[in-house]
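Chain and residue survey
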Amino acid sequence: MGDDDAGHRTVKTAETTVRILETVSELENASLTKLADALDMHRSTLHAHLSTLVEQEYLRKDDTQYTLGLRLFTHGARAQRMNPFYEDSKQFLEQMAERTNEIAWLVAEEHGRGVCLRKAKGELAVQPYKELGARISLHDTAAGKAILSRLPRERTQAVIDQHGLPERTENTITSPEDLFREIESARAEGVAFNDEESITGFRAVASPVSSPDGQVGALVVSGPKNRLRGEQFSKTVPDIVSGAANALELELSSAVE
């Protein structure tokens with residue numbers, strides 16, 4: 001067996017491990033039989049993988065049920081803290097949440113997705129679909145379009161090629177040409193909007209942020225359509241969000257001077 005075959009086998013093993021962890025995460029807890037059905041794997045082969053992951057503390061086994069282990073949290077928390085926006089964003093998220101009474105998020109781009117890294121909740125905040133660590137698409141979210149406004153066109157095209165433009169609601173942008181137009185508008189105005197594109201009845205406003213080392217993210221405020229409407233949606237919240245994003249970038253720049 002050649003080196004190429006050995007390398008391919010190693011990659012497949014890693015892919016299997018990732019699939020197992022993601023499936024356990026999606027199911028939250030599951031038996032060997034349930035996981036074997038979901039993964040289309042033989043029980044004996046899967047059991048060996050599960051036993052290894054339990055031994056390494058990436059999974060827990062309680063009676064017959066497998067769940068994620070807290071060792072994953074250790075790595076996740078470290079990755080969160082290492083993001084260049086994380087530490088300095090706290091005060092600006094809290095200010096946005098207080099001034100709008102809605103929920104404010106820090107979202108960072110990774111592998112063509114947005115990752116929800118930090119949040120602050122105003123008095124009226126509702127959280128219909130995002131949670132810390134959630135990965136979101138870029139084409140149908142305000143944060144995503146704000147992030148894309150800081151990326152070169154070829155990078156945006158690569159994201160489209162990789163992830164597509166799936167339709168979430170009747171307002172979702174599904175045309176590359178329409179998406180590029182919105183991105184250009186976000187680049188010119190410094191803010192991007194989500195007008196019921198990911199969830200019906202829900203709106204959001206975001207502004208991009210860039211770190212000194214070139215990583216891109218966004219600050220975003222989201223809330224129900226009946227509260228984010230009129231001038232609140234078109235001017236007041238955009239001014240708050242763009243001001244916070246500008247202040248965060250200045251904070252990041254001053255830290256490296």
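Our subject is the structure that appears above.
Reference entry: report on the structure contained in this document. (Residues numbered from 1 in each chain as written. Predicted model: local features only at pLDDT ≥ 70, side-chain atom pairs only at ≥ 80, totals over all residues. Heavy atoms only, no water.)

**Digging into the overall build of the chain**
In terms of regular secondary structure, the chain is built from nine helices and eight strands. Referenced to the eigenvectors of the C-alpha coordinate spread, the extents of the chain come out at roughly 60 × 45 × 40 Å. The buried share among the 257 residues of the chain stands at 43%. Across the chain, contacts joining residues at least 24 apart in sequence account for 57% of those joining residues at least 6 apart. Carbon and sulfur atoms provide 46% of the accessible area of the chain, an area that totals close to 14,000 Å². Taking the 30 positively charged and 41 negatively charged side chains of the chain as two groups, their mean positions are separated by 3 Å. (Helix = DSSP H or I, 4+ residues; strand = E, 2+ residues; numbered from the N terminus. Buried < 20%, exposed > 50% of the residue type's maximum accessible area, 1.4 Å probe, protein only. Contact = heavy atoms within 4.5 Å. Areas by Shrake-Rupley, 256 points an atom, 1.4 Å probe, with all protein chains shown as cover. Lys, Arg positive; Asp, Glu negative; His and termini not counted. Charge placed at Lys NZ, Arg CZ, Asp CG, Glu CD.)

**Thoughts on the packing of helix 2 (residues 32-39) against helix 3 (residues 43-55)**
Close contact between helix 2 and helix 3 brings their axes to 10 Å; oriented N to C, the two are set at 110°. Classified by the interaxial angle, the pair formed by helix 2 and helix 3 is roughly perpendicular. Side by side, helix 2 and helix 3 meet where Leu 32, Thr 33, Leu 35, Ala 36 and Leu 39 of the first sit next to Arg 43, Leu 46, His 47 and Leu 50 of the second. (Axes fitted to C-alpha atoms, helices over the stretch in contact; angles between N-to-C directions. Parallel < 35°, antiparallel > 145°, perpendicular 65-115°, else oblique.)

**Some points on helix 2**
Considered for burial, the residues of helix 2 that qualify are Leu 32, Leu 35, Ala 36 and Leu 39. Angularly, the buried residues of helix 2 cover 100° about the axis, an arc narrow enough to put them on a single face. Once helix 2 finishes, Asp 40 follows within two positions and takes phi at roughly 55°, a positive value. (Arc of directions from axis to C-beta.)

**What about the pairing of strand 4 (residues 113-121)?**
Put simply, side chains in a regular strand alternate between the two faces of the sheet. Bridge count for strand 3 (residues 103-110) against strand 4 is eight bridges, and the pairing is antiparallel. Bridging from a neighbouring strand, Ile 103 pairs with Lys 121 of strand 4. Here strand 3 folds back onto strand 4, and the loop between the two strands holds two residues, one of which, His 111, carries a positive phi near 55°. (Pairing = 2+ DSSP bridges.)

**Structural notes on the side chain of Ser 89**
Within the fold, Ser 89 resides in helix 5 (residues 86-100). Residue class for Ser 89 comes out buried when judged on its relative accessible area of 0%.

**Some points on the side chain of Thr 156**
For Thr 156, the position within the fold is in helix 7 (residues 153-163). For Thr 156, a relative accessible area of 1% translates into the label buried. Not counting residues up to four positions away in its chain, the partners in contact with Thr 156 are Leu 148, Leu 151, Phe 180 and Ile 183.

**Some remarks on the environment of Glu 184**
As for its position among the elements, Glu 184 is in helix 8 (residues 176-189). For Glu 184, a relative accessible area of 44% corresponds to the partly exposed category. Once the C-alpha coordinates of Glu 184 and Ser 149 are considered, the two residues, 35 residues apart in sequence, prove to be 6.7 Å apart.

**Thoughts on the packing of aromatic side chains**
The final tally for this structure, using the stated rule, is one aromatic pair. Taken together, a centroid distance of 5.2 Å and an interplanar angle of 70° make the contact between Phe 193 and Phe 233 edge-to-face. With Phe 193 in strand 6 (residues 192-195) and Phe 233 in helix 9 (residues 230-255), this residue pair connects regions lying 40 residues apart in the sequence. One cation-aromatic arrangement involves Arg 118 over Tyr 86; the distance from NZ or CZ to the ring centre is 4.0 Å. The positively charged end of Arg 153 is found above the aromatic ring belonging to Phe 180, 3.7 Å away from the centroid. (Phe/Tyr/Trp six-rings, centres within 6.5 Å; stacked < 30°, edge-to-face > 60°. Lys NZ or Arg CZ within 6 Å of the ring centre and 35° of its normal.)

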